[in-house]
Amino acid sequence: MTQIVTRFPPSPTGYLHIGGARTALFNYLYARQNDGKFILRIEDTDQARSTQEMTDAIIDAMHWLGLDFDEGPYFQSQRGDLYNRYVDKLLETGAAYYCSCTPEEVDEMRETARAAGLKPKYNGKCREQDLGPGPGRVVRFKTPLTGKVVFDDIIKGPIAWDVQEMDDFVIRRADGSAIYQMAVVVDDAEMGVTHVIRGDDHQNNTPKQILLYEAMGFPLPKFGHVPMILGPDKKKMSKRHGATSVMTYRELGYLPEAMLSYLVRLGWSHGDDELFTMAELLQKFSLEGLGKSASVFDMDKLNWTNSHFIKTGEVARLARLLGDLLQETSGIAPEQPYLEAIVPLYQTRAKTLKEMAEQAAFFFHTADTLPYDGAAVAKLLTPEIRGHLAVMASRMEALTAFDHKSLEDMAAAYLEETGLKFKALAQPIRVAITGSTTSPGLFETMEVLGRERTLARFQKALTL
Ligand code: GLU
């Protein structure tokens, strides 16, 4: 049996976007599931718009998502000679020809056709002229004059194209460079790609590519065209609908496993399942589950997915990721054990690591740098309450264990003694140790802060 080979061929003219990452994921999964090969090919023939920076960014994003490739990156810009050898072969076999028509002449042909109510096409003027090479001459493919190109799309089923929809399209520019259709077909064939799974914005290219495969005597791969991703307003997804670059989601505190779980559902389904780990995807993914209709990018669902993976994530890893984010955004580097104690307090509260970092920011201050909510201080830290806090501080100092149970017992005893209600002290204490009126459970928070920080904050609050 032939090995399954899939590929992801981004053009490095922009960052890895949501749609590209989804296509890469489908190809990755299908290859992995079948002990196949997943290839990365950088389609950088548009030298003016392609940059090394974007190539690096795309590769970084793939690493972040864990979409490891087995081969590549190949660079189309380094393979021009290969493409040209095949163009020459097509010329030799008579499947292609030189054309001396100027761009203006071709425009005119198209205009004439349009005026006659026909499809604007090159009219085949040089098709039978048997011209040789010369300045300004392009090479065109001899598209058959009659018949249909038919293929069975993995996702959409049988698709037929009348060849009359096509003209003798250019395969080599006058400057000697092969055009995209040629490069893709030569690469996919040379790399042994068996399944071309790509966005349906490329569906119109497929008939031309099939003709090229046939003319060069290559076996045809299977094609699958994945419907587009739309925004909630049902228009093609764009920046208006949220970040389109995958790595922006990293910066916003999304987990790669959440991105994968969310991305795979944009165009693929497995019963009513909504959440998938990579292990589950490797088991459950199938080409049959790819849907025919466009999917809608939904931030709420992505947030819900991310919340799930934060809730169920391994604490040590989340702590490391939180640490990275803090380092990148605030230049602070808290100790891993401290982060590991903080993370569980937020796993059910934060939708993203960024939210977690924001909500937990008070943990990373010293008593002196901690920002206090002035209004809350004025309202809650009354002279009477300050008196209670001072007593509690001295009791906390004397506690043998500084854990939430001991703290809770200490507070209960104090409330009993004074006849105060928990409510009367809870918010003032919260303000004293966090600077604000929202935080996770009071005693858990104190335990994680530890005795030293908690007492320093009590002292500080008493001076405000
Ligand atoms: N380079 C093309 C793109 O980025 C992909 C072409 C293909 O999948 O065949 O859209």
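Residue indices follow the written sequence of each chain, beginning from 1 at its first position. Residues qualify for local features only when their pLDDT is at least 70, as the model is predicted, and side-chain atom pairs are given and counted only at 80 or more; totals for whole chains, interfaces and linings, by contrast, use all residues. Only hydrogens and water are set aside when side-chain values are computed; all heavy atoms of the structure are taken into account.

Caption draft 1: Structural detail: the packing of aromatic side chains. Centre distance within 6.5 Å is the pairing criterion for rings of Phe, Tyr and Trp, where only the six-membered ring of Trp is used; planes under 30 degrees apart are then read as stacked, over 60 as edge-to-face, and the remainder as tilted. In the structure shown here, the tally under the stated rule is 17 aromatic pairs. Ring centres of Tyr213 and Phe218 lie 6.4 Å apart, and the angle between their planes is 80 degrees; on these two criteria the pair is classed as edge-to-face. Accessible area is worked out with a 1.4 Å probe on protein chains only. A residue is then buried under 20% of its type maximum, exposed over 50%, and partly exposed in between. Exposure remark for Phe218: the relative accessible area of 15% places this residue in the buried category. Among the aromatic residues, those joined into a cluster by ring pairs are Tyr86, Phe151, Tyr213, Phe218 and Phe223. Over the aromatic face of Tyr122 sits the side chain of Arg140, whose NZ or CZ is 3.6 Å from the ring centroid. By definition here, charges over rings are those cases where NZ of Lys or CZ of Arg is within 6 Å of the ring centre and within 35 degrees of the ring normal.

Caption draft 2: Inspection of the sheet that holds strand 5 (residues 138–141) at higher detail. A strand pair is defined by DSSP finding two or more bridges across the two strands. Numbering of helices and strands starts at the N terminus; helices are DSSP runs of H or I of at least 4 residues and strands are runs of E of at least 2. The antiparallel open sheet is built from 3 strands, whose spatial order is 4-5-8. The open sheet has two edge strands with one neighbour each: strand 4 (96–99) and strand 8 (170–172). Taken pair by pair, the neighbouring strands of this sheet meet at an average axis angle of 45 degrees, ignoring direction. In the sheet, strand 5 pairs with strand 8 via 2 bridges, with the strands oriented antiparallel. When the bridges of strand 8 are listed, Arg140 appears paired with Val170. Lines are fitted to the C-alpha atoms to define the axes, a helix being fitted only along its stretch in contact, and any angle between axes, read from their N-to-C directions, falls within 0 to 180 degrees.

Caption draft 3: Broad picture of the site of the ligand. Whether a residue is near a molecule or strand is decided by its heavy atoms; if any one of them lies within 4 Å of it, the residue is near. Lining the immediate surroundings of the ligand are Arg7, Pro9, Pro10, Ser11, Glu43, Tyr180, Arg198 and His202. Here Ser11 contributes a side-chain N or O atom positioned 3.1 Å from a nitrogen atom of the ligand. One of the side-chain nitrogen or oxygen atoms of His202 is found 2.8 Å away from an oxygen atom of the ligand. Each accessible area is a Shrake-Rupley result for a 1.4 Å probe, and residues are judged covered by the shown protein chains and nothing else. Within the complex, the protein chains bury 81% of what would otherwise be the 300 Å² of accessible surface of the ligand. A per-class count over the shell around the ligand returns 3 nonpolar, 2 polar and 3 charged. Any pair of N or O atoms that falls within 3.5 Å is considered a polar contact. Within protein, one atom must be able to donate a hydrogen and the other to accept it, and sequence-neighbouring residues count only if both atoms are side-chain atoms. Side-chain classes follow a simple rule in which Ala, Val, Leu, Ile, Met, Phe, Trp, Tyr, Cys and Pro form the nonpolar group, Asp, Glu, Lys and Arg form the charged group, and the remainder, Gly included, forms the polar group.

Caption draft 4: Focus on helix 1 (residues 18–33). Here helix 1 spans 22 Å end to end across 16 residues, near enough to the 22 Å set by a 1.5 Å rise per residue. Counting buried residues along helix 1, 14 of its 16 residues qualify, which places the element largely inside the surrounding structure. At the exit of helix 1 stands Asp35, carrying a positive phi of roughly 55 degrees. Helix span, as expected, comes to 1.5 Å for every residue beyond the first.

Caption draft 5: Local environment of the side chain of Gln203. With respect to the helices, strands and loops of the structure, Gln203 is situated in the loop between strand 9 (195–199) and helix 6 (206–216). By definition, residues are in contact when any of their heavy atoms lie within 4.5 Å. Setting aside chain neighbours within four positions, we find Gln203 in contact with Lys156, Ile159 and His225.

Caption draft 6: Structural context of the environment of His308. Mapping His308 onto the fold places it in helix 10 (residues 299–312). Owing to a relative accessible area of 25%, His308 belongs among the partly exposed residues under this scheme. Linking His308 and Arg110, residues 198 residues apart in sequence, is a C-alpha distance of 55 Å.

Caption draft 7: Spotlight on unusual backbone geometry. Following Gly72, the chain continues into Pro73 via a peptide bond in cis, with omega recorded as 5 degrees. A positive phi angle is found at Asp35, which is not glycine, with a value near 55 degrees. Position of Asp35 relative to the elements: it lies in the loop between helix 1 and strand 2 (37–42). Here Asp130, not a glycine, exhibits a phi torsion of approximately 60 degrees, which is positive. Since its relative accessible area comes to 75%, Asp130 is described here as exposed.

Caption draft 8: Molecular detail of the nonpolar core. Counting 56 residues, the largest nonpolar core has Phe363 and Met446 as its most contacted members. Per-element tally for this core: the top contributor is helix 18 (residues 442–463), with 8 residues. Apart from the residues within four sequence positions on either side, Phe363 is in contact with Tyr338, Ile342, Leu345, Tyr346, Thr445, Val448, Leu449, Arg453 and Arg457. Definition of nonpolar core: a set of buried residues of the types Ala, Val, Leu, Ile, Met, Phe, Trp, Tyr and Cys, connected through side-chain atoms within 4.5 Å. Judged by nonpolar contacts, the second largest core, of 46 residues, contains Tyr28, Val264, Trp268 and Phe297.

Caption draft 9: Region of the structure containing helix 4 (residues 103–115). A rise of 1.5 Å per residue sets the reference length of helix 4, with its 13 residues, at 18 Å; its end C-alpha atoms lie 18 Å apart and thus fit the reference within 8%. The complete set of buried residues in helix 4 reads Val106, Met109 and Ala113. What you see down the axis of helix 4 is that its buried residues fit within an arc of 55 degrees, all on one side. Counted as exposed and oriented over 90 degrees from the buried face of helix 4: Glu104, Glu108, Thr112 and Ala115. At its buried positions, helix 4 is contacted by strand 5. Regarding the arc, it is the one traced by the directions from the helix axis to the C-beta atoms.

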